[in-house]
Structures are given as structure tokens and as C-alpha cells.
Amino acid sequence: FPSHDRLALDVSLSMRATDFSPNRLEVAKTVAQDFIKGREGDKIGLVLYSGEAYVSCAPTLNYDMLLSRLLQAESSELEQCTAIGIGLGTAVAQFRERSIKSKVIVLITDGSNNYGEISPKEAAQFAKNIGIKVYTIGIGSNGVAKTPVMTPTGIVYENIPVEIDEDILKDIASKTGGKYFRANDENSLRQIYKEINALEKRKFQSESYAMNPAIS
């Protein structure tokens, strides 16, 4: 069965922190491209969020269009907070076809939920109710990172502690049957996407076998 996947990508200002080169957001976009290319036959959609969220690309098999939207992803037009609940809820709302067999969301963030009328727990419950598996990825090095901060005179970079709400991300993943990952650098992020791909492929193979045990 083809899977229906959604990427929910945090594009808040802190995603421009330079502990990843050139920054977290650009690395997240680059690595997600490879993941998309490896999901041949799956309909994939893209949700961008910070203090609010929007559907950057509706679920599609047109990967060229999807990759183009992904590469253009940035935060300048959105409220500058981190609304994980709204980001996840917006991705969940994209699954209108209840009959879809395999539904997956990969949610990426570098922070803690600090905004929004939908809490991450509520959004996770929505996902669970319609059988969506959510893989959560916390992106950011350990310690402090040069992070952009909005000031009255413009954006300045300051050394700020990396604070990812891992408890919330773990809760979302466990509630929906997914898994939480921590990406400390570009290489670990690449490995995480490979593991998600492998987990989904194994699930597909085991379901195919369950339906047709004669397959050897």
C-alpha cells in the first residue's frame, strides 16, 4: 500500500541558529529532500509552522513541485513563536481520506511549544484518533548555539541554550505509535530519516505478508 506522508517543518526564527551549517533550517530542508526522493509512490504534503501554520504543498505525487516548495520554506511571513500543536494539527487535518491504509507525519522542531490554541497533546490525540503515526525529530546541538533574536534594531545573533521539549515530542510519538529522535548534527539527521524509511518499509512488508502468508 502506498503511504500518505506529511512533513511538518518548524520554520521559526531559531531554526536559523548556526550550530548546523549554514543553519538548522537549511540542513533540515536539504536532508528532507533525500527522504522525499526515497518515498517513491507515496503522496507527500508539506506544512510549515512557527507561531502559526499553513499548508505549503498539498499532498502530491509531483515531487518536483513539492521539492520546490520545500526549498523556498522560510519564516518571514509567520508569527514568530513555536506552535507545535498548531503545526501538528494542520498536518493532521490534511488526512481527509479516512480509508488511507498508512498515514505518517514527520514533525521537526528545535524548540518548545510556547504558542497556539491547540496543545501538542490535543493534536497528538487527533492524530491517534484517525490512525496517524507521528515521528518527531528534535533538531539542535547540545549546549548553546548562536541563535537569531529579534530586537528593536533588527535581528542579532546571541549564544542561547538549546532547549528542545523532548518530553512533549516523546509523548506525541508514543501516543501515535511513532518514535522520537534527536538530531545533534547533519549526519544524525540523515540517519534518522533512513531509520524512519526503514521502519515504514518493514511495516509495509509485514502487512503484505499478513494479508498473503503464501508470499515467501
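Residues numbered from 1 in each chain as written. Predicted model: local features only at pLDDT ≥ 70, side-chain atom pairs only at ≥ 80, totals over all residues. Heavy atoms only, no water.

1. Focus: the layout of surface pockets
Step number 1: By volume, the largest pocket amounts to about 430 Å³.
Step number 2: In terms of lining residues, the largest pocket is bounded by 19 residues, among which Ser14, Thr82, Asn114, Thr147 and Pro148 are the most central.
Step number 3: Sorting the residues of the lining of the largest pocket by element identifies strand 6 (144-151) and strand 7 (154-161) as the ones contributing at least two each.
Step number 4: When residues in the lining of the largest pocket are grouped by element, the largest group, four residues, is from strand 6.
Step number 5: Taken together, the residues that form the lining of the largest pocket break down as eight nonpolar, eight polar and three charged. (1 Å grid on protein atoms, 1.4 Å probe; cavity = no way out; pocket = protein on both sides within 12 Å on 5 of 7 lines; lining within 4 Å. Points joined across faces, edges and corners; volume = space filled by probe spheres on them. Helix = DSSP H or I, 4+ residues; strand = E, 2+ residues; numbered from the N terminus. Nonpolar A, V, L, I, M, F, W, Y, C, P; charged D, E, K, R; others polar.)

2. Description of helix 1 (residues 24-37)
Owing to its 3.6 residues per turn, the α-helix aligns residues three or four sequence positions apart on the same side.
Step number 1: Between its terminal C-alpha atoms helix 1 stretches 20 Å, which fits the 20 Å expected from 14 residues at 1.5 Å a residue.
Step number 2: With ten of 14 residues buried, helix 1 lies mostly within the body of the structure.
Step number 3: Sitting at the head of helix 1, Asn23 places a side-chain oxygen 3.1 Å from the backbone nitrogen of Leu25. (Expected span 1.5 Å × (residues − 1). Buried < 20%, exposed > 50% of the residue type's maximum accessible area, 1.4 Å probe, protein only. Polar contact = N/O pair within 3.5 Å; in protein donor to acceptor, adjacent residues only side chain to side chain.)

3. Regarding the pairing of strand 3 (residues 53-60)
Step number 1: Note that strand 2 (residues 43-49) and strand 3 share five bridges and pair antiparallel. Within the sheet, the bridge partner assigned to Leu48 lies in strand 3 and is Tyr54.
Step number 2: Between strand 2 and the antiparallel strand that follows it, strand 3, lie three residues. (Pairing = 2+ DSSP bridges.)

4. Description of the nonpolar core
Step number 1: Leu9, Val106, Ile137 and Tyr193 are the most contacted members of the largest nonpolar core, which totals 33 residues.
Step number 2: Elements supplying a minimum of two residues to this core: strand 1 (3-10), helix 1, strand 2, helix 2 (63-71), strand 4 (102-109), strand 5 (132-139), strand 8 (180-183) and helix 6 (186-211).
Step number 3: Of all the elements, helix 1 adds the most residues to this core, at seven residues.
Step number 4: Ile84, Ile164, Ala173 and Tyr180 belong to the second largest nonpolar core, which has 26 residues in total. (Core = buried A, V, L, I, M, F, W, Y, C linked by side-chain atoms within 4.5 Å.)

5. Topic: the pattern of salt bridges
Step number 1: By the definition in use, this model includes ten salt bridges.
Step number 2: Here Arg24 and Asp19 are joined by a salt bridge, their closest N and O atoms 2.9 Å apart.
Step number 3: Residue Asp34 pairs with Arg190 through a salt bridge whose shortest N-O separation is 2.6 Å. Within this pair, whereas Asp34 is found in helix 1, its partner Arg190 is found in helix 6, the two being separated by 156 residues in sequence.
Step number 4: Arg190 gets classed as partly exposed once you look at its relative accessible area, which sits at 26%. (Salt bridge = Lys/Arg side-chain N within 4 Å of Asp/Glu carboxyl O.)

6. Here we look at helix 3 (residues 84-93)
Step number 1: Across the ten residues that make up helix 3, a large majority, nine, are buried.
Step number 2: Of all the residues in helix 3, the buried ones are Ile84, Gly85, Ile86, Gly87, Leu88, Gly89, Thr90, Ala91 and Val92.

7. Quick word on the pairing of strand 6
The side chains of a regular strand alternate, first on one face of the sheet and then on the other.
Step number 1: As defined by bridge partners, strand 6 adjoins strand 7 across eight bridges and the pair is classed as antiparallel. Along strand 7, the bridge assignment pairs Ala145 with Ile160.
Step number 2: Between strand 6 and the antiparallel strand that follows it, strand 7, lie two residues.

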